[in-house]
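Residue strings, one per chain:
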Amino acid sequence: MNSFNIKALAIAITLTFSMGAMAQNTTKAEYKAGNDKISAEFKAAKAGCASLSGNANDICVVEAKGIEKVARAELEASYKPTTKSFYEVRIAKAEADYGVAKEKCDAMSGNTKDVCVKEAKALQTTAKAEAKAQLKTADANATANETSAEAQSKANDKRTQARKDATVDEIDASYAVAKEKCDTFAGEAKDTCVDKAKRRFGKS
């Protein structure tokens, strides 16, 4: 394992430990202390990136920022546990993962880099779509707790629509990746590749 990977792992373990320690319901005093601790750990993690250079430094900083953002979202969810706050945790994780993945793509060039970025975006889109579907499903379940048949029907409609929306977003993201990969070809070969991608994802 190279020095960057070791450093990144140390950052992840340190901040993740703080998040885990605050997984239960948090008091106001613990919430403030948690925010202060996250700030201090982020500052230390960012300072640790200074020994790196170039893309490795960029990745290290982005990873530290992502972990900090997730830690704050986790802390917020433990302080005010709601379906929305848990949704924000999932979004923070999706954005953090995307930031690191995209930064790693900067070490590449040409179509390889383009595909890398599209794949990173596709993963982010999928994660966000799933988070959104889970949020809508949770809201639908809350509605379903009402006893009327009408409430039950509306809840079922919400759950179905949430899953449809997530599926559409995921298909669009995967199609974008497949189409980007076709840029390695030219002429008829590229056209054939694009046609196959369209048929595969129902875009024809």
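Residues numbered from 1 in each chain as written. Predicted model: local features only at pLDDT ≥ 70, side-chain atom pairs only at ≥ 80, totals over all residues. Heavy atoms only, no water.

Novice: Account for the overall build of the protein chain, with residues named and values stated.
Specialist: For the protein chain, the helix and strand inventory stands at seven helices and zero strands. Ordered by position in the sequence, the α and β elements of the protein chain form the string α-α-α-α-α-α-α. Per-residue burial over the protein chain gives 34% buried out of 204 residues. Counting only contacts in the protein chain whose residues sit at least 6 apart along the sequence, the fraction spanning at least 24 positions is 66%. When the accessible area of the protein chain is evaluated, it comes to approximately 11,900 Å², of which 54% is carbon and sulfur surface. (Helix = DSSP H or I, 4+ residues; strand = E, 2+ residues; numbered from the N terminus. Buried < 20%, exposed > 50% of the residue type's maximum accessible area, 1.4 Å probe, protein only. Contact = heavy atoms within 4.5 Å. Areas by Shrake-Rupley, 256 points an atom, 1.4 Å probe, with all protein chains shown as cover.)

Novice: Account for the packing of helix H3 (residues 54-79) against helix H4 (residues 83-105), with residues named and values stated.
Specialist: The interhelical angle for the contact between H3 and H4, taken along N-to-C directions, is 175°, at an axis separation of 8 Å. With respect to H4, the axis of H3 lies roughly antiparallel. Contacts between H3 and H4 involve Asn 55, Asp 58, Ile 59, Val 62, Glu 63, Gly 66, Lys 69, Val 70, Ala 73, Glu 74 and Ala 77 from the former and Ser 85, Phe 86, Glu 88, Val 89, Ala 92, Lys 93, Glu 95, Ala 96, Gly 99, Val 100, Glu 103 and Lys 104 from the latter. (Axes fitted to C-alpha atoms, helices over the stretch in contact; angles between N-to-C directions. Parallel < 35°, antiparallel > 145°, perpendicular 65-115°, else oblique.)

Novice: Give me the state of the cysteines: which residues, what numbers.
Specialist: All chains considered together, the criterion is met by three disulfides. At a sulfur-sulfur separation of 2.0 Å, the disulfide partner of Cys 182 is Cys 193. Taking the sign of the S-S torsion, -80° for the link of Cys 182 and Cys 193, the bridge is left-handed. One end of the pair, Cys 182, is in the loop between helix H6 (149-181) and helix H7 (187-200); the other, Cys 193, is in helix H7, with 11 residues separating them in the sequence. Classification of Cys 193 as buried rests on a relative accessible area of 18%. Here the protein chain pairs its bonded cysteines, counted in sequence order, in the arrangement 1-2, 3-4, 5-6. (Disulfide = S-S within 2.5 Å.)

Novice: How would you sum up the pattern of salt bridges? Please name residues and give values.
Specialist: Under the criterion given, the structure shown has 12 salt bridges. Notably, a salt bridge pairs Lys 136 with Asp 165, separated by 3.2 Å at the nearest N-O pair. With Lys 136 in helix H5 (residues 110-144) and Asp 165 in helix H6, this pair connects stretches of sequence that are 29 residues apart. Lys 136 sits in the partly exposed class, given a relative accessible area of 29%. For the salt bridge of Lys 203 with Asp 172, the shortest nitrogen-to-oxygen distance reads 2.4 Å. Of the two residues, Lys 203 is situated in the segment after H7 and Asp 172 in helix H6; the sequence distance between them amounts to 31 residues. Beyond isolated ion pairs, a larger network of salt bridges with shared partners links Lys 69, Glu 95 and Lys 128. (Salt bridge = Lys/Arg side-chain N within 4 Å of Asp/Glu carboxyl O.)

Novice: Help me get a handle on helix H2 (residues 28-48), residues and values and all.
Specialist: For H2, with 21 residues, the first-to-last C-alpha span of 30 Å sits near the 30 Å given by 1.5 Å per residue. Within H2 the residues assigned to the buried category are Gly 34, Asn 35, Ile 38, Glu 41, Phe 42 and Ala 45. Taken around the axis of H2, the buried residues stretch over an arc of 135°, which confines them to a single face. Facing away from the buried side of H2 by over 90 degrees, the exposed positions are Ala 29, Lys 32, Lys 43, Ala 44 and Ala 47. (Expected span 1.5 Å × (residues − 1). Arc of directions from axis to C-beta.)

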